[in-house]
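Residue strings, one per chain:
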Amino acid sequence: MKQHELYVRNGQNWEWDRIPILEEDSFRQEILRECSHGARLVNLFAYPEGSGNIRIFSMLGRDHEGKLRLLSMRIPIKKGCFQSLTPELPQAHLFEREIAEQFAITPVGHPWLKPVRYHQNYCDAPDLWPAVSSRSIPGVYPFYRVDGEEVHEVAVGPVHAGIIEPGHFRFQCHGEEILNLEIQLGYQHRGIEKMMENVSMERSVLLAESIAGDTVIGHAMAYCHLIESLSDCEISPRAEAIRAIALELERLSNHIGDLGALSTDIGFLPPAAYFGRLRGEFLNLLMELSGNRYGRSLCRVGGVLFDLDQEMIKDFQKRLLVARKDLKEICDLFFTKSSVLSRLEGTGIVSNKIAKELGLVGPTARASSCGLDVRTDYAFGLYRFHHIPISTVLSADVYARALMRRLESQRSIEFILEILNQIPDGDLQIKSAALKPKHMALSMVEGWRGEIVHVAITDAHSRITRYKMKDPSFNNWMGLSMAVRGAQISDFPLCNKSFNLSYAGHDL
Amino acid sequence: MWGIIINRFKQGFRTTLSYPKEVPSFPQRFRGKPVLNNTADTPCPINKSKDPLGAVASGKKLTLDMGKCLFNEDLKAICPKGILTYSQDHRLAVSKKKDLILQGEEVKLARALNEKTRKIFGRSLKLREVCAGSCSGCDAEIQAMGNIVFDLSRFGIQFVASPRHADGLMITGPVTKNMELALKKTYEAVPHPKIVIAVGACAINGGPFQGGRDVHDGVDGLIPVDLYIPGCPPHPLTILDGLLRLLGKLENKENNFR
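Residues numbered from 1 in each chain as written. Chains lettered and ligands numbered in written order. Predicted model: local features only at pLDDT ≥ 70, side-chain atom pairs only at ≥ 80, totals over all residues. Heavy atoms only, no water.

**Examining the overall build of chain A**
Line of reasoning, step 1. From N to C terminus, chain A includes 17 helices and 16 strands.
Line of reasoning, step 2. Computed over C-alpha atoms, the radius of gyration of chain A comes to 22 Å, within 12% of the 23 Å expected from 2.2 N^0.38 for 508 residues, which places it in the range of a compact globule.
Line of reasoning, step 3. With the C-alpha coordinates of chain A rotated into their principal frame, the extents come out at 65 × 65 × 40 Å.
Line of reasoning, step 4. Counting only contacts in chain A whose residues sit at least 6 apart along the sequence, the fraction spanning at least 24 positions is 67%.
Line of reasoning, step 5. Split by element, the accessible area of chain A, about 17400 Å² in all, is 52% carbon and sulfur.
Line of reasoning, step 6. The centroid of the 57 positive side-chain charges in chain A is displaced by 1 Å from the centroid of its 63 negative side-chain charges. (Helix = DSSP H or I, 4+ residues; strand = E, 2+ residues; numbered from the N terminus. Rg over C-alpha atoms; globule rule 2.2 N^0.38 Å. Contact = heavy atoms within 4.5 Å. Areas by Shrake-Rupley, 256 points an atom, 1.4 Å probe, with all protein chains shown as cover. Lys, Arg positive; Asp, Glu negative; His and termini not counted. Charge placed at Lys NZ, Arg CZ, Asp CG, Glu CD.)

Right under this line is the structure:
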């Protein structure tokens, strides 16, 4: 029987009943077929449907058509398992582990099935790993090991040497060479997804702002877009413009901070100091706008809480022009020194093939010449009218990821200057209506790390019964493991900085 | 080589703040210390839904718990009469949890450590930072204290790589269940005498995660805390202010550096 097909777009909502339900086998075959034709697994998640069933949804992104195909299948809890996609489709590996941990169903044939975040499951079923979910610390679980006479193991974390988030890194080494790196996270797990279902709207936006502290605007925007979509609320062009300016300021501060961190790691201190100061300039612009250096309290459902008046626009323009000049000069210093280039070039390569197989996103993917960017592919908000050209780099090494940050920073400054020149009119915030019952909605935002995806499902009483969020770090951590494979262990800090992934965003 | 020197001139001298001699001005929208206009004859109807974390309590007089406050703009809507506003005052750090509860304008800012401990730490304080479930916002601000604008090390304060080299811990995040053991072990590894600083709303009271299944509501109850620095995240100068007060380098109320 030919099932009807459902295609959805970014920012859309649709009735629950319209979602096609496939048999387990055809669900699997359709995903594999779509992905072999270039689609990307944007999301794969489960939802306890009641009546003893778990629904599994997959969203397959056809990046160049700007739409996603939505499929689902039903698994009786009694059966408690499904055939794993991972052996044929590596990008499903973490999604399937997440489903196994959250809903205690087993992806049969998964090559490396272990918990992702070490917590109890969401449906009061017996855990798949009862011994680990009840303990305080993740890590009591076997790591991938390499045996051999001269092979040694290096364990790092969860408490690291620097001021960073906790995670455990297990290196299998032969001399200096890394044979494998396994990254075990979960220490930062706060249970945000589950909390989103149980708290008021006033609190859930605060939670969204705290998914990853360096991506406040990205996640808050994704959250607001989602709720606005579910309540058919069309925000004003002015609010869209202010959100987009904030999103680009966030990108600028983080990208430039990362360039500073890379200079520190290779021991080239003048640009490290200058980049560090310049990063602060962009955070301070966000503070001028929203009263907080990370843009908290700016995005709210229905629009934004703060306006940009004429005086501020002039001030912003002036400061951005200075910053643009500084950025160019510091980047010229950094990117032309042969000692810098020799340290960055050829280090930590993630080939285009591997990037695609693992489903990497954001600047990391673009540094491996994958031309994907939500701002272009699934344009949202102001990006529907003002396009930012995508940059990609071929070399796929630390240099490429550093260069991406330079190129994107330049483009972001140009973009903000362009918008400031012709900022549209409109209400700052409009009142939103109640959420639609029995609907599902999708919201995607290109945060500075890449594709942020939020999905919500409402029940017959318009309550949110499932909130699924995905930070780009979730896709990209495996990329870091691959980047250091075969490299020297002393290259790890540099590779890590070139990814700069969020632990909190992964652990939720 | 020439490139570096020429660039150095182009960058000019515009680096470290002369804090604490001068406190830079914060933008008008900056949300520092909350101010309650507590006049007895204007009882204000409180819209509890605007305060999902229970920061404001209405007894005889309104009180606000800075430890539960995320310093968010929407909290102002708790009362249409504008009883709650934010000032531009960045000084928020306190020594006792109960001092976080605001009644009017006054905050009992952090006291200095006792003479004996100050003798040990006063000129050189080494801290180990532990992120225990924070979104990394607070950590980013702690890291920012090390950049050339704030230049933390000019006060003799440094972050070290191991708890065994540290005089104390600076903790962020609500303490997730998964970080509890690692935090306790890190605390035990710090030699005596040691201090503990809780930075940010999460570390003080759980922040937006309070009451969550997978987290504790902050550091209290797990290990003893000597300094509370509220904010979401606190501005680098707020953290710096707390540290300098703890070391007795700032006199109360005033910003006089000693």
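**Regarding the sheet that holds strand β10 (residues 168-174) of chain A**
All names here are of chain A.
Line of reasoning, step 1. Read across the open sheet, the three strands follow the order β9-β10-β11; overall the sheet is antiparallel. Pairing within the sheet leaves two strands with one partner each, and these edge strands are β9 (151-156) and β11 (177-184). Mean inter-strand twist for the sheet, computed between neighbouring axes without regard to direction, equals 20 degrees.
Line of reasoning, step 2. The strands touched by helix α15 (residues 472-484) are β10 and β11; relative to β11, the strand with the most contacts, the crossing angle is about 165 degrees. (Pairing = 2+ DSSP bridges. Axes fitted to C-alpha atoms, helices over the stretch in contact; angles between N-to-C directions.)

**Structural notes on the pattern of salt bridges**
Line of reasoning, step 1. Taken as a whole and assessed by the stated rule, the structure comprises 60 salt bridges over all chains.
Line of reasoning, step 2. Residue E30 of chain A is joined to R69 of chain A by a salt bridge in which the shortest nitrogen-to-oxygen separation is 2.6 Å. You can see E30 of chain A sitting in helix α1 (residues 24-36) and its partner R69 of chain A sitting in strand β6 (residues 67-76), a full 39 residues away along the chain.
Line of reasoning, step 3. For R69 of chain A, a relative accessible area of 4% puts it in the buried group.
Line of reasoning, step 4. With a closest N to O distance of 2.3 Å, R300 of chain A and D74 of chain B form a salt bridge. Of this pair, R300 of chain A sits in strand β12 (residues 299-300) while D74 of chain B sits in the loop between β3 (62-65) and β4 (84-86), each in a different chain.
Line of reasoning, step 5. The class for R300 of chain A is buried, based on a relative accessible area of 4%. (Salt bridge = Lys/Arg side-chain N within 4 Å of Asp/Glu carboxyl O. Buried < 20%, exposed > 50% of the residue type's maximum accessible area, 1.4 Å probe, protein only.)

**Some words on α15 of chain A**
Every α-helical turn comprises 3.6 residues, leaving residues that sit three or four positions apart pointing alike.
All names here are of chain A.
Line of reasoning, step 1. Taking 1.5 Å per residue as the helical rise, α15 with its 13 residues ought to reach 18 Å, and the 19 Å between its terminal C-alpha atoms agrees with that figure.
Line of reasoning, step 2. A large share of α15 lies buried, amounting to twelve of its 13 residues.
Line of reasoning, step 3. Regarding α15, the residues found buried are P472, S473, F474, N475, N476, W477, G479, L480, S481, M482, A483 and V484. (Expected span 1.5 Å × (residues − 1).)

**Some details on a positive patch on the surface**
Residues and elements named next belong to chain B.
Line of reasoning, step 1. Taken together, the side chains of K96, K98, K108 and R111 present a region of like positive charge at the surface.
Line of reasoning, step 2. Within the fold, K96 resides in the loop between β4 and β5 (101-102).
Line of reasoning, step 3. On the accessibility criterion, K96 (41% relative accessible area) is partly exposed. (Patch = residues over 30% accessible without salt bridge, like charges linked within 9 Å, V, L, I, M, F, W, Y side chains within 5 Å.)

**A short note on the domain arrangement of chain A**
Residues and elements named next belong to chain A.
Line of reasoning, step 1. Partitioning chain A into domains gives domain 1 (6-133) and domain 2 (192-507).
Line of reasoning, step 2. Its C-alpha centre places domain 1 at a distance of 26 Å from the equivalent point of domain 2.
Line of reasoning, step 3. Across the boundary between the two partners, domain 1 contributes 37 residues, which contact 38 residues of domain 2.
Line of reasoning, step 4. Between domain 1 and domain 2, the buried area comes to about 3200 Å², and carbon and sulfur atoms account for 59% of it.
Line of reasoning, step 5. Looking only at domain 1, the three residues that lose the most surface to domain 2 are N10, N13 and R40, adding up to 20% of its buried area.
Line of reasoning, step 6. Of the charged contacts in the structure, one is a salt bridge between K468 and E98, with a shortest N-O distance of 3.1 Å.
Line of reasoning, step 7. At the level of elements, β2 (13-15), β4 (40-50), β5 (53-62), β6 and α2 (93-103) are the ones that each hand at least two residues to the side of domain 1 that touches domain 2. (Domains from an automatic or database assignment. Buried area = accessible area lost by both parts, 1.4 Å probe.)

**As for the interface of chain A and chain B**
Line of reasoning, step 1. Listed by partner, the interface residues are 66 residues for chain A and 62 residues for chain B.
Line of reasoning, step 2. Summing the contributions of chain A and of chain B, the shared interface buries around 5100 Å²; its carbon and sulfur component is 56%.
Line of reasoning, step 3. Contact with chain B buries surface across chain A, with I163, R190 and R277 of chain A losing the most and accounting together for 14% of the total.
Line of reasoning, step 4. Put simply, chain A and chain B have two salt bridges between them.
Line of reasoning, step 5. Between chain A and chain B we count 28 residue pairs in polar contact (both at pLDDT 80 or more) in total.
Line of reasoning, step 6. Among the secondary structure elements, those contributing two or more residues to the side of chain A that touches chain B are α4 (192-198), α5 (201-209), α8 (269-290) and α9 (310-336) of chain A.
Line of reasoning, step 7. At ten residues, the largest contribution of residues to the side of chain A that touches chain B is made by α8 of chain A. (Polar contact = N/O pair within 3.5 Å; in protein donor to acceptor, adjacent residues only side chain to side chain.)

**Things to note about the packing of helix α14 (residues 398-421) of chain A against helix α16 (residues 492-499) of chain A**
Residue and element names in this part refer to chain A.
Line of reasoning, step 1. Viewed as axis vectors pointing N to C, α14 and α16 meet at an angle of 30 degrees, and their least axial separation amounts to 9 Å. Taken as axis vectors, α14 and α16 run roughly parallel relative to one another. Between α14 and α16 lies a crossing of left-handed hand. Taken together, the residues of α16 that come into contact with α14 (itself represented by V398, R401 and R405) are L494, C495, K497, S498 and F499.
Line of reasoning, step 2. Of the residues in the contact of α14 with α16, the class split is four nonpolar, one polar and three charged. (Parallel < 35°, antiparallel > 145°, perpendicular 65-115°, else oblique. Left-handed = near helix turned anticlockwise from the far one by under 90°. Nonpolar A, V, L, I, M, F, W, Y, C, P; charged D, E, K, R; others polar.)

**With respect to the packing of aromatic side chains**
Residue and element names in this part refer to chain A.
Line of reasoning, step 1. Tallying each qualifying case throughout the model produces 19 aromatic pairs over all chains.
Line of reasoning, step 2. Considering the side-chain rings of F335 and Y399, the 6.1 Å spacing of their centres and the 75 degrees angle between planes classify their relative orientation as edge-to-face. Remark: Y399 occurs in helix α14 and F335 occurs in helix α9; sequence separation between them is 64 residues. Here F335 and Y399 have matching classes, each one buried.
Line of reasoning, step 3. A cation sits over an aromatic face here: R55 above W16, 4.9 Å from the ring centre. (Phe/Tyr/Trp six-rings, centres within 6.5 Å; stacked < 30°, edge-to-face > 60°. Lys NZ or Arg CZ within 6 Å of the ring centre and 35° of its normal.)

**Quick look at the nonpolar core**
Line of reasoning, step 1. Formed by 140 residues in total, the largest nonpolar core has its most connected members in F282, L308 and M440 of chain A.
Line of reasoning, step 2. Taken domain by domain, the makeup of this core includes at least three residues from each of domain 1 (6-133) and domain 2 (192-507) of chain A.
Line of reasoning, step 3. Core analysis: the second largest hydrophobic core is formed by 40 residues, L64, I78, I83 and Y228 of chain B among them. (Core = buried A, V, L, I, M, F, W, Y, C linked by side-chain atoms within 4.5 Å.)

**Topic: α5 of chain A**
Line of reasoning, step 1. Among the nine residues that make up α5 of chain A, seven are buried, leaving the element largely enclosed by the rest of the structure.
Line of reasoning, step 2. For α5 of chain A, the elements touching its buried residues are α4, α6 (216-230) and β12 of chain A.

**Some remarks on the pairing of β4 of chain A**
Along a regular strand, successive side chains alternate from one face of the sheet to the other.
Line of reasoning, step 1. With eight of eleven residues buried, β4 of chain A is to be regarded as a mostly interior element.
Line of reasoning, step 2. The antiparallel pairing of β4 of chain A with β5 of chain A creates a hairpin that spans two residues between the two strands, and S51 of chain A there sits at a positive phi of about 50 degrees.

**Here's the deal with the sheet that holds strand β10 (residues 227-229) of chain B**
All names here are of chain B.
Line of reasoning, step 1. Here five strands make up an open sheet; going across it, the order is β7-β6-β8-β9-β10 and the pairing parallel. Across the chains shown, the open sheet's two edge strands, defined by having one partner strand only, are β7 (157-159) and β10. Averaged over all pairs of adjacent strands, the angle between strand axes in this sheet comes to 25 degrees, irrespective of strand direction.
Line of reasoning, step 2. One ladder, built from three bridges, connects strand β9 (residues 195-199) with β10; its direction is parallel. Paired with A198 across the two strands is Y228, which belongs to β10.
Line of reasoning, step 3. Packed onto the sheet, helix α6 (residues 236-246) meets β6 (125-131), β7, β8 (168-172), β9 and β10 and runs at close to 160 degrees relative to β10.

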